[in-house]
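As a plain string of letters, each chain reads:
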2 protein chains.
Amino acid sequence: MKIVCSQNELKNNLSLVSRVVPSRPTHPVLGNVLLVADDRTQQISLTGYDLNIGIRTSFSAEVIDGGKITLPAKLLNDIVSRLLPGEITLAYQEEDDDSGEADTTITYQVTLTSASANFEIRGLGAEEFPDLPVIEGDNSLDLPIDILSEGLQGTLFAASTEEIKKVLTGINLCVTKDRLEFAATDSHRLAVVSTEIEDCQKNFTVTIPAKALRELEKMLSGQDKNELVKLNFDESQIVFEIGDRYLTTRKIDEVYPQYEKLIPTKFEITVTLERKRLISGLELVSVLATQNNNLVKFNIDKESEELFLSVESQDLGSAEQSMPAQITGSGIQIGFNVKYLMDGLKALTTNDIKMQLNGDRLPVIFTPLGDLQMTYLVMPVQLRD
Amino acid sequence: MKIVCSQNELKNNLSLVSRVVPSRPTHPVLGNVLLVADDRTQQISLTGYDLNIGIRTSFSAEVIDGGKITLPAKLLNDIVSRLLPGEITLAYQEEDDDSGEADTTITYQVTLTSASANFEIRGLGAEEFPDLPVIEGDNSLDLPIDILSEGLQGTLFAASTEEIKKVLTGINLCVTKDRLEFAATDSHRLAVVSTEIEDCQKNFTVTIPAKALRELEKMLSGQDKNELVKLNFDESQIVFEIGDRYLTTRKIDEVYPQYEKLIPTKFEITVTLERKRLISGLELVSVLATQNNNLVKFNIDKESEELFLSVESQDLGSAEQSMPAQITGSGIQIGFNVKYLMDGLKALTTNDIKMQLNGDRLPVIFTPLGDLQMTYLVMPVQLRD
């Protein structure tokens with residue numbers, strides 16, 4: 001194998017696939033990236049795979065001799081990212097296996113050359129590298145990047161990070177004829193983003209690991225918002241395809257909780273608030289909240305048309321912040337865990353938001369006033385008198 | 001006490017003095033800052049003190065009623081830094097001591113008010129706060145900020161962080177009639193910055209904890225380079241005075257090693273190098289050096305007038321980088337710990353540098369080609385053949 005490619009292209013593609021390469025691989029080859037150089041297409045493809053999530057990208061290069069090799073991901077990344085812009089030549093020759101054992105892994109001595117630097121690094125044979133799963137059947141769906149990004153941005157933060165309840169570590173994606181719905185909950189709060197789509201002739205629901213979708217979100221971030229992402233799936237796997245880039249992940253096959261039932265449809269109290277002002281007010285009073293189980297009290301004062309945020313801490317003292325509020329219904333005092341509130345408020349993105357509730361022990365809904373159809377549900381925390 | 005001050009002034013001064021306030025104080029009051037409001041001068045002074053290093057600053061405010069109080073540094077900092085720009089009012093009234101015990105610390109309830117927020121926080125009486133040391137006698141010296149900054153920047157990185165050999169955790173400052181010299185060593189390397197000064201009529205040497213000088217460096221960073229820093233000292237303490245700001249620290253009273261003797265004065269080989277190119281070359285090859293005790297080999301090749309940096313790692317492979325070099329004397333191969341080299345090279349600041357040596361087991365000197373009179377001495381590491 002012998003290839004000449006641009007430092008910049010190699011750097012960008014490597015940093016993308018390296019993100020899924022485990023830092024402590026269960027098998028040495030999983031700490032490597034697979035590099036395939038095709039002399040017919042003059043393309044190089046790079047693959048990283050931790051047996052759950054796989055990312056493959058490809059880019060143009062001068063492929064003098066085609067070939068396949070796997071190379072240590074972290075080391076290669078460290079080298080390429082420190083080289084100056086310019087051409088990089090990668091080549092290898094097979095090493096003699098002098099151990100005499102038949103099942104020994106064949107290592108290759110790979111030379112990497114740039115204008116003023118030379119490296120020799122060890123690669124493992126491509127035959128050691130596991131194949132990415134192949135999707136069977138023809139179940140696919142094209143999604144605009146902006147809809148997918150919006151759905152991920154509005155839900156990913158609410159997925160659970162605790163592996164004990166595995167289904168909650170995923171995002172539930174529900175596709176009906178004219179609607180796409182993303183949902184995530186860790187049982188303390190629930191985030192739902194719903195979008196109308198043109199008649200897509202599909203009807204399915206799937207739960208996808210949030211970990212994989214966080215990588216997808218990063219892959220989407222630099223892309224043209226109007227491009228399409230192709231989603232392919234079968235019984236066990238999902239593949240996202242964005243131009244030359246693929247992300248493959250296992251599905252979570254447990255049944256996702258029926259979250260729609262949790263969302264109230266009628267409300268006794270509606271409060272309209274300026275979102276950024278609420279965020280900075282919460283940031284301010286929560287200085288004292290950490291010593292107090294993150295509890296912040298909302299006092300919705302009908303008379304003065306104001307929201308008073310307050311925290312009382314036995315050890316430190318007390319804090320109070322006021323802000324204007326449009327209130328429909330009666331005033332109320334209600335407590336929240338400020339951490340859960342903040343996550344949702346940061347994801348809502350609009351200038352003004354609506355807070356809707358029925359009582360101090362019932363679910364509270366936050367929704368943006370604008371185009372985005374997002375629902376954020378939080379359970380209140382009981383206030384001591 | 002009742003004061004009205006600007007959020008911005010309070011924030012900046014608080015963040016300065018808070019840096020020396022310990023996060024886990026041995027006595028509660030040491031986790032506080034001392035606030036003194038003087039109604040005569042209409043000034044507020046803030047003091048933080050961990051019994052070793054103390055910082056005091058002062059700024060103008062509207063002092064309606066003078067008084068003294070100590071307030072929790074971290075909490076006050078967290079609050080003030082999150083408030084919007086504008087006026088802040090601070091006031092307190094004494095709380096009744098209802099415990100009946102004579103020796104109970106008196107706490108005060110302090111109210112902090114801004115445009116839309118109110119806080120109540122607990123203060124401790126100012127009488128609990130230890131006094132900053134008073135300098136006896138009249139030993140003082142005025143130093144331009146640029147000379148002090150240059151000396152600190154060129155030596156602080158080389159001071160030891162290991163408390164076992166305490167004297168090496170300090171910077172040695174030696175003042176003679178016409179010369180000021182800063183030195184630091186951790187016994188692996190030595191950094192010396194020397195500056196000519198106008199006849200100052202002083203002759204002394206003092207070792208100052210690097211920890212205190214790192215704080216001083218931060219205090220100097222925003223200041224006008226032509227201003228003067230007043231240095232006052234007695235047997236045990238040193239005070240730096242920059243306008244309204246004071247930093248006080250204990251001296252280290254052990255005798256500093258006689259480092260001058262270590263610096264060779266004659267050299268057999270001199271190599272001139274481009275500093276940034278050497279740094280980026282070292283960063284590149286050291287990707288493989290971490291697995292190899294940070295050892296980088298310098299091959300100074302007289303014939304090609306080049307320096308070859310190289311690293312061989314048993315596990316990972318090898319790296320080589322070349323760069324042009326002006327060589328006087330013979331070629332040589334010599335090994336270095338790349339970490340020690342890098343620290344010094346980053347502090348040298350000039351475009352070109354001179355590397356001077358006598359052999360592969362003898363001290364090597366790096367000096368900048370320019371105005372700065374700095375000497376960086378590193379011991380080589382033995383190469384295996």
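So, how was this worked out
- Residues numbered from 1 in each chain as written.
- Chains lettered and ligands numbered in written order.
- Predicted model: local features only at pLDDT ≥ 70, side-chain atom pairs only at ≥ 80, totals over all residues.
- Heavy atoms only, no water.
- Contact = heavy atoms within 4.5 Å.
- Buried area = accessible area lost by both parts, 1.4 Å probe.
- Salt bridge = Lys/Arg side-chain N within 4 Å of Asp/Glu carboxyl O.
- Polar contact = N/O pair within 3.5 Å; in protein donor to acceptor, adjacent residues only side chain to side chain.
- Nonpolar A, V, L, I, M, F, W, Y, C, P; charged D, E, K, R; others polar.
- Pairing = 2+ DSSP bridges.
- Helix = DSSP H or I, 4+ residues; strand = E, 2+ residues; numbered from the N terminus.
- Phe/Tyr/Trp six-rings, centres within 6.5 Å; stacked < 30°, edge-to-face > 60°.
- Buried < 20%, exposed > 50% of the residue type's maximum accessible area, 1.4 Å probe, protein only.
- Domains from an automatic or database assignment.
- Least-squares fit on C-alpha atoms with pLDDT ≥ 70 in both.
- Axes fitted to C-alpha atoms, helices over the stretch in contact; angles between N-to-C directions.

Digging into the interface of chain B and chain A
Facing the 26 residues of chain B at the interface are 26 residues of chain A. Regarding the contact of chain B and chain A, the summed buried area is about 2,200 Å², with carbon and sulfur atoms giving 54% of it. Linking chain B with chain A are 0 salt bridges. For the interface between chain B and chain A, the tally reads 14 residue pairs in polar contact (both at pLDDT 80 or more). Class assignment for the residues of the side of chain B that touches chain A results in 11 nonpolar, 8 polar and 7 charged. Examined bridge by bridge, strand E9 (residues 117-124) of chain A and strand E21 (residues 317-324) of chain B share 5 bridges and lie antiparallel to one another. By the bridge assignment, Asn-118 of chain A is partnered in E21 of chain B with Glu-320 of chain B.

Regarding the packing of aromatic side chains
Scanning the model with the defined rule gives 12 aromatic pairs over all chains in all. Ring geometry for Phe-204 of chain B versus Phe-233 of chain B: centroids 4.4 Å apart, planes at 35°, classification tilted. On the criterion of sequence distance, the pair formed by Phe-204 of chain B in strand E14 (residues 204-209) and Phe-233 of chain B in strand E15 (residues 228-233) is long-range, its members being 29 residues apart. Exposure remark for Phe-233 of chain B: the relative accessible area of 7% places this residue in the buried category. Consider the rings of Phe-298 of chain B and Phe-336 of chain B, whose centres lie 4.9 Å apart with planes at 75°: the pair is edge-to-face. Note that Phe-298 of chain B is positioned in strand E19 (residues 295-301) and Phe-336 of chain B in strand E23 (residues 332-337), a separation of 38 residues in sequence. Take Phe-298 of chain B and Phe-336 of chain B: they sit in the same class, and that class is buried. An aromatic cluster of three or more residues is present, and its members are Phe-298, Phe-336 and Phe-366 of chain A.

Comments concerning the domain arrangement of chain A
Residues and elements named next belong to chain A. Per the domain assignment, the segments making up chain A are domain 1 (2-128), domain 2 (139-260) and domain 3 (264-378). The gap between the C-alpha centroids of domain 2 and domain 3 is 28 Å. Contacts between domain 2 and domain 3 engage 14 residues on the former and 13 residues on the latter. Linking domain 2 to domain 3 there are 1 salt bridge. For the interface between domain 2 and domain 3, the tally reads 6 residue pairs in polar contact (both at pLDDT 80 or more). Secondary-structure elements contributing two or more residues to the side of domain 2 that touches domain 3 are helix H3 (145-153) and strand E13 (189-196). The greatest single-element share of the side of domain 2 that touches domain 3, amounting to 7 residues, is contributed by E13. Residues belonging to the side of domain 2 that touches domain 3 are distributed by class as follows: 5 nonpolar, 4 polar and 5 charged.

Observations regarding the relation of the copies chain B and chain A
Mapping chain B onto chain A is achieved by rotating through 180° and translating by 0.0 Å along the same axis, at an RMSD of 0.0 Å. A rotation of that kind, with that shift, is consistent with a two-fold axis. Ranked by how close their C-alpha atoms come to the rotation axis, the residues of chain B are headed by Ser-23 of chain B, at 17 Å. Comparing interface residues between copies, 100% of those in chain B also lie at the interface in chain A; the contact surface is shared.

Things to note about the sheet that holds strand E12 (residues 179-185) of chain B
By way of backbone hydrogen bonds, the strands of a sheet pair with one another, either parallel or antiparallel. Residues and elements named next belong to chain B. Pairing is antiparallel in the open sheet, where 9 strands are placed in the order E14-E11-E12-E13-E26-E25-E24-E18-E22. Bordering the open sheet on either side are E14 and strand E22 (326-328), each of which pairs with just one other strand. Strand after strand, the sheet turns through a mean of 20° between neighbouring axes, direction not considered. In this structure, strand E11 (residues 170-176) lies alongside E14, joined through 6 bridges in antiparallel fashion. For Ile-171, the partnering residue across the bridge sits in E14 and is Ile-208. Its contacts with the sheet put helix H5 (residues 275-285) on strand E18 (269-274) and strand E24 (352-357), and the angle it makes with E18 is roughly 85°. In the packing of helix H6 (residues 338-348) onto the sheet, contacts are made with strand E13 (189-196), E24, strand E25 (364-368) and strand E26 (374-378), and the angle to E26 comes to roughly 175°.

Considering the sheet that holds strand E26 (residues 374-378) of chain A
Residue and element names in this part refer to chain A. The strand order across the open sheet built from 9 strands is E14-E11-E12-E13-E26-E25-E24-E18-E22, with neighbouring strands paired in antiparallel fashion. Each edge of the open sheet is held by one strand with a lone partner, namely strand E14 (204-209) and strand E22 (326-328). Each neighbouring strand pair of the sheet contributes to a mean axis angle of 20°, computed without reference to strand direction. Across the sheet, H3 lies against strand E12 (179-185) and E13, angled at about 25° from E12, the strand it touches most. Against the sheet, helix H5 (residues 275-285) touches strand E18 (269-274) and strand E24 (352-357), its axis set at about 85° to E18.

Remarks on the side chain of Ser-18 of chain B
All names here are of chain B. Mapped onto the elements of the fold, Ser-18 is located in helix H1 (residues 7-18). A polar side-chain atom of Ser-18 sits 2.6 Å from the main-chain carbonyl oxygen of Leu-14. In this structure, Ser-18 is in contact with Val-33, Ala-73 and Asn-77, ignoring residues within four places of it in sequence.

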